[in-house]
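Chain and residue survey
So you can see what is in the structure, the chains are spelled out below.
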Amino acid sequence: MNFKNILVNQENGIATVTINRPTKLNALNKLTIEELHEALVQIEMQETIKVVILTGSGEKAFVAGADISEFAHFSVNDGGRLAAKGQEMVFDFIENFSKPVIAAVNGFALGGGLELAMACHFRMASDNAKMGLPEVSLGVIPGYGGTQRLPQLVGKGKAMELIMTAGMISADEALNCGLVNHVTTPEDLLPLTQKIAHKIMRNSLVAIRGAIKAVNACYTDGVNGYETEVEAFGNCFGTEDFKEGTTAFLEKRKADFPGR
Ligand code: COA
């Protein structure tokens, strides 16, 4: 996979997607959004890839937001289209991705950068990371799902404060409020994320796909999450992974899931 603004590395079942515009602190411009979408479409089709890690290049930033220079002169319609297209192509796409997507937040995750991390299934952070939604300091609001996903993760009051103050929080504060799951040193960020990815990969990825769908149903308007869970649970009984998982347990051995 050859891209201009992102790097995709595939190793041992893990695809690491690195946003690679370090001189612009990995800000998300139009091309980067398009390339992320294209990379994810290709990753979804590749059976050898089981888990995706999303990170930023350089030591300073995960992603410092949407590229301000690109939207500074937008009209009302342009602004609406920017948000709608980005949400569809990348943010909602990641949230509903059938394979686990983990954000490894290695520095500034601001605006669209934090929104990107929040669209991932869960987040890891290095201890130098700084997170926030500074949009109102620019006269705009979060447009890539931030007003919806931040309250889901940290609660309404904390989300309101973060959005209204446009302030940044440290990795430890993010850990305390449930925005990230683990904080580690910058050197250990990718190794620890890979360790968790490998732990995930030992399980049935077909079952995990059903679990992602059921958990997401909890946050989808007009969808009954309990019904989604019942359907996804029932579907597991028709998979080879279920046969292997239960047989391995009864035979007192480790399961070797075929992923079907
Ligand atoms: N969009 C476009 N360019 C960005 C950017 C963004 N969101 N964030 C950083 N950059 C660019 C800067 O313009 C600068 O480019 P230049 O060297 O060509 O001038 C480069 O990245 C380095 O950023 P700089 O501001 O010099 O680094 P810093 O260490 O002084 O500050 C930040 C770091 C993250 C605090 C600061 O870059 C910042 O506030 N960025 C914008 C964050 C934001 O509001 N994001 C939400 C957008 S909706």
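Here goes a summary of the coordinates provided.

About the criteria used
Residues numbered from 1 in each chain as written. Predicted model: local features only at pLDDT ≥ 70, side-chain atom pairs only at ≥ 80, totals over all residues. Heavy atoms only, no water. Helix = DSSP H or I, 4+ residues; strand = E, 2+ residues; numbered from the N terminus. Buried < 20%, exposed > 50% of the residue type's maximum accessible area, 1.4 Å probe, protein only. Near = heavy atom within 4 Å. Polar contact = N/O pair within 3.5 Å; in protein donor to acceptor, adjacent residues only side chain to side chain. Areas by Shrake-Rupley, 256 points an atom, 1.4 Å probe, with all protein chains shown as cover. Pairing = 2+ DSSP bridges. Axes fitted to C-alpha atoms, helices over the stretch in contact; angles between N-to-C directions.

Details of the environment of Gly-238
- Among the structural elements, Gly-238 can be located in the loop between helix H10 (225-236) and helix H11 (240-250).
- By relative accessible area, Gly-238 is classed as exposed at 64%.
- A sequence separation of 22 residues divides Gly-238 from Arg-260, and the C-alpha atoms of the two residues are 9.5 Å apart.

Considering the site of the ligand
- The local shell around the ligand holds 16 residues, among which Lys-24, Lys-60, Ala-64, Ala-66 and Ile-68 are the closest.
- Thr-23 is positioned with one of its backbone polar atoms (N or O) 3.4 Å from an oxygen atom of the ligand.
- At 2.9 Å from a nitrogen atom of the ligand is found a main-chain nitrogen or oxygen belonging to Ala-64.
- Isolated, the ligand exposes 860 Å² of accessible area, and the fraction of that covered by the protein chains is 60%.
- Where the shell around the ligand is concerned, the elements lending two or more residues are helix H2 (68-71) and strand S6 (108-110).

A closer look at the sheet that holds strand S9 (residues 168-170)
- Within the open sheet, the 4 strands sit side by side as S4-S6-S8-S9. Their pairing is mixed. The outermost strands of the open sheet, each flanked by one partner alone, are strand S4 (61-63) and S9. Here the average twist between neighbouring strands, direction ignored, is 20°.
- Two strands pair when backbone bridges link them, and S4 and S6 are joined in this way by 2 bridges, in the parallel orientation. Residue pairing in the sheet places Ala-61 in a bridge with Phe-108 of S6.

Read these as geometric descriptors, not functional statements.
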